[in-house]
Amino acid sequence: MSDHGLHFETELGSCALFWGRRGIRQLVIPDPVPGATLEGALAPDWVHDAARSIKAFLAGEPSELSGIPVDLEGLPPFRQRVYAALCATNRGETLTYGELARRAGSPGAARAVGQAVRSNPLPLLVPCHRVVAANGPGGFSMMGGLKAKERLLELEGVVLRHTGHDAAPTPR
């Protein structure tokens, strides 16, 4: 994690962005240390812009997060490929763990993709909420679990259609 951090308030509570030279290195939602101050006044404009975009997105306002620079340096190559493939998905698009494994160049590595998704340091910016299980929404490790995942997908125009114990994404 970077030494540079910015805390900001959103619809989900206090969040924190940590950045380095190349982009955002970690997004913590919600921040476990709300109200802490970490160099917020020293944050470059692009970090404040990223915080405003995230805040707007979480408030349900039109906001594009794909232009926010992320820094995946230092992560294992497999995770970098998975996160790059996730970043290439479009707003409102969902894909299964198996599809993501294929897009990351590792067909058959759905379990490893699941582990990478669970340890994503950049939720929203590396949109892990777009990954669903083959038979339904799957899990979600961000605070709020599946309800948070459903809400994030709804903000992108995807509604999970529940049928018994499983659900499938449907575009609005």
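Please refer to the structure higher up on the page.
On a predicted model such as this, the values are computed, not experimentally measured, just so you know. (Residues numbered from 1 in each chain as written. Predicted model: local features only at pLDDT ≥ 70, side-chain atom pairs only at ≥ 80, totals over all residues. Heavy atoms only, no water.)

Undergrad: Teacher, can you tell me more about the pattern of salt bridges here?
TA: Note that side chains of opposite charge can pair when their charged atoms are close. Per the stated rule, a full pass over the model turns up 5 salt bridges. The residue Glu73 makes a salt bridge to Arg22 at a minimum N-O spacing of 3.0 Å. One end of the pair, Glu73, is in the loop between helix H1 (45-58) and helix H2 (77-87); the other, Arg22, is in the loop between strand S2 (13-19) and strand S3 (24-28), and 51 residues separate them in sequence. Accessibility expressed as a relative area gives 40% for Glu73, which makes it partly exposed. Here Asp49 and Arg52 are joined by a salt bridge, their closest N and O atoms 2.3 Å apart. (Salt bridge = Lys/Arg side-chain N within 4 Å of Asp/Glu carboxyl O. Helix = DSSP H or I, 4+ residues; strand = E, 2+ residues; numbered from the N terminus. Buried < 20%, exposed > 50% of the residue type's maximum accessible area, 1.4 Å probe, protein only.)

Undergrad: I would appreciate a short explanation of the pairing of S3 in the present structure.
TA: The side chains of a regular strand alternate, residue by residue, between the two faces of the sheet. Here 4 bridges tie S2 to S3, and the two strands are oriented antiparallel to one another. Along S3, the bridge assignment pairs Phe18 with Gln26. Remark: 4 residues form the turn of the hairpin made by S2 and S3, two consecutive strands paired antiparallel; Gly23 in that turn has positive phi of roughly 155°. (Pairing = 2+ DSSP bridges.)

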